[in-house]
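Observations on chain architecture
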Amino acid sequence: VVQVLVLTCIPIAAAFTLRGRKKAAVVREHTPRANWLISFAIGCGAGFYDGLIGPGTGTFLILLFLQVFAMEEVLASGTAKLVNLASNVATLVSLIATGDVLFLLGLPAGLCAMAGAALGSRLTIRRGAKVVRIVMLSVLALLLAKMLADVLG
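These notes cover the structure that comes with them. (Residues numbered from 1 in each chain as written. Predicted model: local features only at pLDDT ≥ 70, side-chain atom pairs only at ≥ 80, totals over all residues. Heavy atoms only, no water.)

Attention shifts here to unusual backbone geometry. In this structure, A70 is a non-glycine residue whose phi angle is positive, near 50°. If you trace the backbone, A70 turns up in the loop between α3 (57-68) and α4 (73-98). (Helix = DSSP H or I, 4+ residues; strand = E, 2+ residues; numbered from the N terminus.)

And the structure:
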């Protein structure tokens, strides 16, 4: 059921990515309490998705930050990295507590992820919103291909 839901959401996310973000005036319509509640809901949803499926979490976070809070693309990308990091740290703590961590696999993977994040951050800062949009669409296409392969295979 979740795979079908994600398969449905990916083309919608791609359409929103191609459309661009909302106008900045939309942000002023949210009260501080509404911002808190919306942020909490996004955090819960992203954490659930990240724990259940994983790939594409950052892309969905960027899209939500662009559409819901009308953030600028580079700010949305950086914010998504922090939220994704928090989710990954929570997962790591949980798995260490249960003894379910393969350190020989996880440590090199974590180091490579940090190197990729550093490279991606530098590229985003230098090239701006255009690169964020291209990477988001690429990730969505790869995620769609993977999910289709899982469902059909």
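And the narrative resumes.
Look at α4 against helix α6 (residues 129-152): their axes get within 8 Å of each other, and the N-to-C directions meet at 55°. It follows that α4 is oblique to α6 by the angle criterion. Of the residues in α6, those in contact with E73, V74 and S77 of α4 are A129, V132 and R133. Considered class by class, the residues forming the contact of α4 with α6 number three nonpolar, one polar and two charged. (Axes fitted to C-alpha atoms, helices over the stretch in contact; angles between N-to-C directions. Parallel < 35°, antiparallel > 145°, perpendicular 65-115°, else oblique. Contact = heavy atoms within 4.5 Å. Nonpolar A, V, L, I, M, F, W, Y, C, P; charged D, E, K, R; others polar.)

Let us look at the environment of G58. By the element assignment, G58 lies in helix α3. Expressed as a C-alpha distance, the spacing of G58 and A86, which sit 28 residues apart in the sequence, is 12 Å. Each residue touching G58, except ones within four places of it in the same chain, is listed here: A80 and N84.

What follows is about the packing of aromatic side chains. Going through the model one piece at a time under the given rule, you end up with three aromatic pairs. Their ring planes at 5° and their centres at 5.4 Å tell us that W36 and F40 sit as a pair that is stacked. Of this pair, W36 and F40 both sit in helix α2 (residues 32-52), four residues apart, which is roughly one turn of that helix. A residue is classified by how much of its surface remains accessible, and W36, at 56% relative accessible area, is exposed. (Phe/Tyr/Trp six-rings, centres within 6.5 Å; stacked < 30°, edge-to-face > 60°. Buried < 20%, exposed > 50% of the residue type's maximum accessible area, 1.4 Å probe, protein only.)

A few words on the pattern of salt bridges. Throughout the structure, instances matching the rule amount to two salt bridges. Notably, a salt bridge pairs E73 with R133, separated by 3.3 Å at the nearest N-O pair. Note that E73 is positioned in helix α4 and R133 in helix α6, a separation of 60 residues in sequence. Judged by its relative accessible area of 9%, E73 falls in the buried class. Residue R133 is classed as partly exposed on the basis of its relative accessible area of 28%. Ionic pairing is found between K146 and D150, a salt bridge with its closest N-O pair at 2.5 Å. (Salt bridge = Lys/Arg side-chain N within 4 Å of Asp/Glu carboxyl O.)

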